[in-house]
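Reading the structure
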Amino acid sequence: MTASIIFDHAAVTRGGRTIWRNGCFAIEQGTVTAIVGTNGTGKTTMMQAELGLLPLSEGSVTVLGEPAGKANARIGYVPQSYTNDIDSNLTAEQSVLLGLTGTRFGIHPVTKAQRAKAREALRFVNVEDKASLRLSQLSGGLRQRVAIAQALVCDPELLMLDEPLANLDLASQRSVVHVLSRLNRELGMTIQVVAHDLNMLLPILTGAVYLLDGHPHYAAMDAVLDSTLLTHLYGTKVQVVTTPQGDMFVTPNALDERDGTTPDTHDVEEVAEFHDHAAHGHGHAAGDTANTSNANTASNTNTAKETA
Ligand SMILES: Nc1ncnc2c1ncn2[C@@H]1O[C@H](COP(=O)(O)OP(=O)(O)OP(=O)(O)O)[C@@H](O)[C@H]1O
């Protein structure tokens, strides 16, 4: 397997502060990866670094075989809150066409081929029947799917989405996850998703980059789905529950909340021990370098049902 994204001792500094450092991992092509971590740990920063929008203070990031930023034409990116920021007077089709023309109202006339391509992208996300409606007429869930169509229209090899499920109702979240699942399964697209809540994505995730202790770590999903790790990561008790049907989900530990137990405020030494820094040299979890077994992990972990 070939790596899509390679971090080699990568670090980013913003406003004179190191956001994270010592990122050393590789993510294989054809995988679906979550980027997880508490607020402000640098998830968006990570995507911006991968797109070459932020310089690294140390190390290197290679994306699709090129230094970060050089392969952006082969990447689809759906930024955080994008659907709130775009001009809602545009129709769904015009919005998707922006992904091809890059010009708001098409200074160059839109070709038949471009229109067909936009329709194809809208069809893929199941919004083709809304092509002529203005974004202001669409629900948040439909707008998010239009945003994905815009990112898809250039046939990217890698799709990066920053919190695509935020503020969506359950059914809309499910629809978005279903689109991501099809992109990965049918088109073999590599996908990276920033997410606060893993549950909805669990059926399609291969692994996760988790930002903890100032470092990005990569691990395959079966290693991430560990109550101790997630408790450290979220700073509050978290349980991984498997139902008799084999569905897995992550849940706050209700008992502790009832008891009024204070959240887990692990100190640095404890976290260092947890990550076995000494054993791995760079201070990364064992799963930091993805290997070919990761591709299988999805099916191992994905006892959860495919979303509708
Ligand atoms: N333009 C900037 N200049 C300086 N610091 C910044 C800038 N933008 C973000 N930061 C800081 O970088 C850190 C990481 O921000 P980032 O948005 O990447 O975090 P995040 O994990 O995506 O957060 P959230 O979950 O809240 O979206 C934060 O502490 C933030 O305050």
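Residues numbered from 1 in each chain as written. Predicted model: local features only at pLDDT ≥ 70, side-chain atom pairs only at ≥ 80, totals over all residues. Heavy atoms only, no water.

1. Examining the pairing of strand β3 (residues 32–36)
For clarity, the threshold we go by: Remark: exposure states derive from per-residue accessible area (1.4 Å probe, protein chains only) relative to the maximum for the residue type, with buried under 20%, exposed over 50%, and partly exposed in between. A helix here means a DSSP run of H or I that spans at least four residues, while a strand means a run of E at least two residues long, and both kinds are numbered starting from the N terminus. At least two bridges found by DSSP between two strands are what make those strands a pair.
Extensive coverage of β3 is indicated by the burial of five of its five residues. A two-sided burial pattern is seen for β3, the buried positions comprising V32, A34 and V36 on one face and T33 and I35 on the other. As judged from the four bridges shared by β3 and strand β8 (residues 190–194), these two strands associate in the parallel manner. Residue pairing in the sheet places I35 in a bridge with V194 of β8. With four bridges joining them, β3 and strand β9 (residues 207–212) adopt parallel strand pairing. By the bridge assignment for β9, T33 is matched with G207.

2. Some words on the sheet that holds strand β5 (residues 66–67)
Pairing between the strands of a sheet is mediated by backbone hydrogen bonds and can be parallel or antiparallel. Condition: Whether two residues are in contact is decided by their heavy atoms, any of which lying within 4.5 Å being enough. Here an angle of 0 to 180 degrees is reported between the N-to-C directions of two axes, which are lines fitted to C-alpha atoms, with helices fitted over the stretch in contact.
Pairing is antiparallel in the open sheet, where four strands are placed in the order β2-β1-β4-β5. Lying at the two open borders of the sheet, with one neighbouring strand each, are β2 (17–28) and β5. Alignment of strand β1 (residues 3–14) against strand β4 (residues 58–63), held across five bridges, turns out to be antiparallel. Each residue of the ladder has a partner; that of I6, found in β4, is T62. Running at roughly 115 degrees to β1, helix α1 (residues 43–50) makes contact with β1, β2 and β4 of the sheet.

3. Focus on the pairing of strand β10 (residues 215–220)
Counting buried positions along β10 yields six of six residues, so the element is predominantly enclosed. A two-sided burial pattern is seen for β10, the buried positions comprising H215, H217 and A219 on one face and P216, Y218 and A220 on the other.

4. Observations regarding unusual backbone geometry
Look at L64: it is not a glycine, yet its phi comes out positive at around 50 degrees. Take L64: it is sitting in the loop between β4 and β5. The backbone phi angle of N126 is positive, close to 65 degrees, even though this residue is not glycine. The residue N126 is located in the loop between α4 (112–124) and α5 (140–152) in this model. Look at N126 and you get exposed, because its relative accessible area is 59%.

5. Here's the deal with α4
Turn by turn, an α-helix covers 3.6 residues, leaving residues three or four places apart pointing in a common direction. Stated formally: One less than the number of residues in a helix, times 1.5 Å, gives the span that helix is expected to have. In this context, the arc is that of the directions from the helix axis out to the C-beta atoms.
The end-to-end C-alpha distance of α4, which contains 13 residues, comes to 18 Å, matching closely the 18 Å that a straight helix rising 1.5 Å per residue would cover. When we look at burial in α4, the residues that qualify are A118, A121, L122 and F124. Projected down its long axis, α4 shows its buried positions confined to an angular sector of 160 degrees, all on one face. Away from the buried face of α4 by more than 90 degrees, exposed residues K112 and A113 are located. Elements in contact with the buried residues of α4: α3 (92–101), α5 and α6 (170–187). N126, located one to two residues past α4, shows a positive phi value of around 65 degrees.

6. Topic: the environment of L135
Within the fold, L135 resides in the loop between α4 and α5. Linking L135 and A92, residues 43 residues apart in sequence, is a C-alpha distance of 5.9 Å.

7. Let's talk about the site of the ligand
Defined as follows: A molecule or strand has a residue near it when one of that residue's heavy atoms lies within 4 Å. Definition of a polar contact: a pair of N or O atoms within 3.5 Å, with one able to donate and the other able to accept a hydrogen when the atoms are protein atoms, and with sequence-neighbouring residues admitted only if both atoms are side-chain atoms. Each residue gets one of three labels, nonpolar for Ala, Val, Leu, Ile, Met, Phe, Trp, Tyr, Cys and Pro, charged for Asp, Glu, Lys and Arg, and polar for the others, Gly among them.
Close to the ligand lie 15 residues; R17, G40, K43, T44 and T45 are nearest. At 3.4 Å from a nitrogen atom of the ligand is found a side-chain nitrogen or oxygen belonging to R14. Taking G42, its main chain carries an N or O atom lying 2.9 Å from an oxygen atom of the ligand. Looking at the shell around the ligand, the elements that each hand over two or more residues are β2 and α1. Examining the composition of the shell around the ligand, we find that three residues originate from one element, α1, more than from any other. Among the residues forming the shell around the ligand, the class breakdown is one nonpolar, 10 polar and four charged.

8. Focus: the packing of aromatic side chains
For any pair of aromatic rings, the description consists of the separation of the ring centres together with the inter-plane angle of the planes. Short version of the rule: Geometry of aromatic contacts follows a simple scheme: Phe, Tyr and Trp rings, the Trp one being its six-membered ring, pair when their centres are within 6.5 Å, and the pair is stacked under 30 degrees between planes, edge-to-face over 60, tilted otherwise.
Tallying each qualifying case throughout the model produces three aromatic pairs. Each ring, one from F7 and one from W20, has its centre 5.9 Å from the other, and the planes form 45 degrees; the classification is tilted. Linking F7 in strand β1 with W20 in strand β2, this pair joins segments that are 13 residues apart in sequence. The exposure class of W20 is buried, given its relative accessible area of 0%. Considering the side-chain rings of F7 and F25, the 4.5 Å spacing of their centres and the 15 degrees angle between planes classify their relative orientation as stacked. A residue pair is termed long-range when its members are at least 10 positions apart, and F7 in strand β1 and F25 in strand β2 qualify at 18 residues. Ring pairing ties together the aromatic residues F7, W20, F25 and Y218, which thus form one cluster.

All we've got here are geometric facts, nothing functional implied.
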